[in-house]
Structure formats: structure tokens, C-alpha cells
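Architecture and fold: a report
Residues per chain are reported as follows:
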Amino acid sequence: MTGVESPAYVPGHGLLKGRTAVVTAAAGAGIGGATARRFLEEGARVLISDAHARRLKEYEAELAGEFEGVSALACDVTDEAQVQALFDAAVRQHGRLDIVVNNAGLGGTSDLVDMTDEQWSRVLDVTLNGTFRCTRAALRLLKRQEGGGVIVNNASVVGWRAQAGQAHYAAAKAGVMALTRCAALEAAAFGVRVNAVSPSLAMHPHLVKVTTPELLEELTAREAFGRYAEPWEVANVIVFLASDYSSYMTGEAVSVSSQHA
């Protein structure tokens, strides 16, 4: 199958003008970094975070050379104190919080018969528990302020469909979807929307390093367009969910792929 070429990059339209956002796992590469850039292009102030402090500072410097309103704070989402410090910093710097993108996640490939307790627990702690910690911290802030807010979680199509060697990651991402739905029902009472995106294959340099050419070819062949998504294509959907264009959407997991079932 011949892949369809990636579309032209879409310019910003001020959809998030004046809003403050926190984006986790946003140290440059991948969906988090692309989301931070897209948010800045749409007029938001953005606090980026990542567990990799050096890469985070490098990306902050890159973005600051192009945009105003960007700052960074290292955060390991498995550490409750660091999570709380991240959200405290957003309010301290900008006076309020409007948007949270929970992008932090950890993958890996291992058959169940070979998977260790540590492998299972580590993937779930970063991917599911980290999303829980950040969602909880965000809701505690958003509940107290006027104007509500938006949370967008990064799930995955493997939360719907099976893939060999991905039991821990699939379980974590299915949990993110369930967490999203439950949080949305609770948060609606105080004007907060909670949704998720579910990408399949969005490639970036770090992912290429840990993916064999054979697996990449197999995964790409499954896609309707015969190519992987650009990270900014997923970020565009996150912008939509964070904006007023999705004002009546909550509790949804939006597939950014043809493989949602």
C-alpha cells in the first residue's frame, strides 16, 4: 500500500488566546511537544513539563525563541509532590489554570509470560496513575475557580483493541479511557470538561529508535492512509478538544486513527 503524503501544517487561529495550559511529557519530541507548540500558536500561555530535565530546558529555550508565555518545570508524574508543585507553579505564574494535557506515558513490549511485576507496575504507574495524579490535582484547582476548564488525556487505540506484547500498556490506556469518563461526570457539575485522544501511530525520533523497521512497516500498513500520523496532527485534535469548538463534548475518547475497533 502506498502511503498518502502528510498534509500541510495548519496555521494557528487564536483558538486558545489568553488561556493557561499545562502539558506533561512535553520535552520536544512527540505529541506533548507538538501540543505545546500548537497551543502557543493558538495564543495560550504554556507551562511544559517532563521527567527529562535537560531535554525540557532545551525545548523551553527553543519555544521561548519563537513565542512569549512559555515556561518549564521538570515533573515526574509518579511523584505526588512534584505533580502538586507543577500545578502550584501554573497558578503562581499565571493566576489561573485553564487547560491540562496529560500526555505522560510509558510503553514497552513484553509477552505476559515473560513480563515482570516491575515492568507491569512501572508502565501503569506512569501511564495510568500519573494521569490520575495530574487529573486530581487539576480538578482540585479548577473546581475552585470561575470559568471551568478542560482536561485532555492521551489514551491509545490499544485501549480498545488487542496487540501482542502490549498487555501492560493496553491495560493502562484502557484505564485512562475509563478514568476520563468517570472524571467527566464528576467534573461537569463545576463546568470542567474531560476528554481523551486515542492515537495509534504517531512517530517521532525517540520512538523510531526503539521500533524495529519490520514492526514500523507492519504498523504503518494497518493505517488507512498507509502512513503514521505526524505528532502535530494529533495535537490538532487536542487543540479542538481544548477549545470552545468542543464545548458540549465531555467523557469522550476520540480516535485519531482508523483503528478504534
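Residues numbered from 1 in each chain as written. Predicted model: local features only at pLDDT ≥ 70, side-chain atom pairs only at ≥ 80, totals over all residues. Heavy atoms only, no water.

You'll find the protein entered in an unreviewed UniProt entry as SDR family oxidoreductase, with Streptomyces liliifuscus given as the organism. Per UniProt, the protein has the following entry under Sequence similarities (unreviewed entry): "Belongs to the short-chain dehydrogenases/reductases (SDR) family." (UniProt positions renumbered as here; feature names shortened; annotations may be inferred.)

**Things to note about the overall build of the protein**
Helix and strand counts for the protein stand at eight helices and seven strands. Here the protein has a C-alpha radius of gyration of 17 Å; the compact-globule value for 261 residues is 18 Å, and the two agree. By principal-axis analysis of the C-alpha atoms, the protein measures approximately 50 × 40 × 40 Å. Considering only residue pairs separated by 6 or more positions, the protein has 75% of its internal contacts joining residues 24 or more positions apart. For the protein, the exposed area adds up to about 12200 Å²; of that, 55% sits on carbon and sulfur atoms. A distance of 6 Å separates the average location of the 23 positive side-chain charges in the protein from that of its 29 negative side-chain charges. (Helix = DSSP H or I, 4+ residues; strand = E, 2+ residues; numbered from the N terminus. Rg over C-alpha atoms; globule rule 2.2 N^0.38 Å. Contact = heavy atoms within 4.5 Å. Areas by Shrake-Rupley, 256 points an atom, 1.4 Å probe, with all protein chains shown as cover. Lys, Arg positive; Asp, Glu negative; His and termini not counted. Charge placed at Lys NZ, Arg CZ, Asp CG, Glu CD.)

**Considerations on the UniProt feature "domain: Ketoreductase" (unreviewed entry) in the protein**
Feature annotation in UniProt assigns "domain: Ketoreductase" (unreviewed entry) to the following positions: residues 22–200. Split by type, residues 22–200 is 48% helix and 15% strand. Its first and last C-alpha atoms lie 23 Å apart.

**Examining unusual backbone geometry**
Trans is the common state for peptide bonds, and a negative phi is the common state for residues other than glycine. The backbone of alanine 25 shows a phi angle near 50 degrees, a positive value even though the residue is not glycine. By the secondary structure assignment, alanine 25 is in the loop between strand 1 (20–23) and helix 1 (30–41).

**Brief notes about the packing of helix 1 against helix 8 (residues 231–242)**
Axis angle and axis distance: for two packed helices, these are the angle between their axes and the distance between the axes, and together they describe the pair. Across the interface, helix 1 lies against helix 8 with an axial gap of 8 Å and an inter-helix angle of 55 degrees. Compared by their axis directions, helix 1 and helix 8 come out oblique. For the pair helix 1 and helix 8, the sense of crossing is right-handed. Counting all contacts with helix 1, which are made through Gly30, Ile31, Ala34, Thr35, Arg38 and Phe39, the residues of helix 8 involved are Pro231, Trp232, Val234, Ala235, Asn236, Ile238, Val239 and Ala242. (Axes fitted to C-alpha atoms, helices over the stretch in contact; angles between N-to-C directions. Parallel < 35°, antiparallel > 145°, perpendicular 65-115°, else oblique. Left-handed = near helix turned anticlockwise from the far one by under 90°.)

**So, the pattern of salt bridges**
A side chain of one charge can pair with a side chain of the opposite charge when the charged atoms of the two come close. Applying the stated criterion across every chain, the model contains nine salt bridges. When salt bridges that share partners are traced, they join Arg37, Glu62 and Glu66 into one network. (Salt bridge = Lys/Arg side-chain N within 4 Å of Asp/Glu carboxyl O.)

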